[in-house]
Amino acid sequence: MPQQVSTLMWIGVAVPAALTVACLIGLARIRRATRLETARQQSAPRPGLPLQRGTGPGREFVELTSEERDAFAGLVRRLGNGR
């Protein structure tokens, strides 16, 4: 320990550093607990809401005529030139 640094100065550095580390550890624990609690709440079914289906609606497919395909290709080319 250097001669010009007093014990009170070392305490003045060590105490805030220790408090900072303790606060960071506490915040990490609170965050982890909150994240786990949120995950539990999201996985639990809610009584007021209907059950959701696992899949979306069926896909629709429309056959385009050759004129429609050409018009769409022209639109894509026109919009693509701006980029």
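Above this text you will find the structure in question.
Residues numbered from 1 in each chain as written. Predicted model: local features only at pLDDT ≥ 70, side-chain atom pairs only at ≥ 80, totals over all residues. Heavy atoms only, no water.

Trainee: Describe the overall build of the protein chain, naming the residues involved and giving the relevant values.
Mentor: If you tally the helices and strands in the protein chain, you get two helices and zero strands. Out of the 83 residues belonging to the protein chain, those deemed buried represent 0%. Here the protein chain has roughly 8400 Å² of accessible surface; of this, 63% comes from carbon and sulfur atoms. (Helix = DSSP H or I, 4+ residues; strand = E, 2+ residues; numbered from the N terminus. Buried < 20%, exposed > 50% of the residue type's maximum accessible area, 1.4 Å probe, protein only. Areas by Shrake-Rupley, 256 points an atom, 1.4 Å probe, with all protein chains shown as cover.)

Trainee: Describe a positive patch on the surface, and please don't skip the residues or the numbers.
Mentor: A cluster of basic residues, Arg-29, Arg-31, Arg-32 and Arg-35, forms a positive patch on the protein surface. Residue placement: Arg-35 occurs in helix H1 (residues 7–43). (Patch = residues over 30% accessible without salt bridge, like charges linked within 9 Å, V, L, I, M, F, W, Y side chains within 5 Å. Salt bridge = Lys/Arg side-chain N within 4 Å of Asp/Glu carboxyl O. Lys, Arg positive; Asp, Glu negative; His and termini not counted. Charge placed at Lys NZ, Arg CZ, Asp CG, Glu CD.)

Trainee: Describe the pattern of salt bridges, naming the residues involved and giving the relevant values.
Mentor: If you walk through the whole model with that rule in mind, you get one salt bridge. With a shortest N-O distance of 3.8 Å, Arg-69 and Glu-63 are connected by a salt bridge. Note on Arg-69: relative accessible area 43%, which makes it partly exposed. Look at Glu-63 and you get exposed, because its relative accessible area is 56%.

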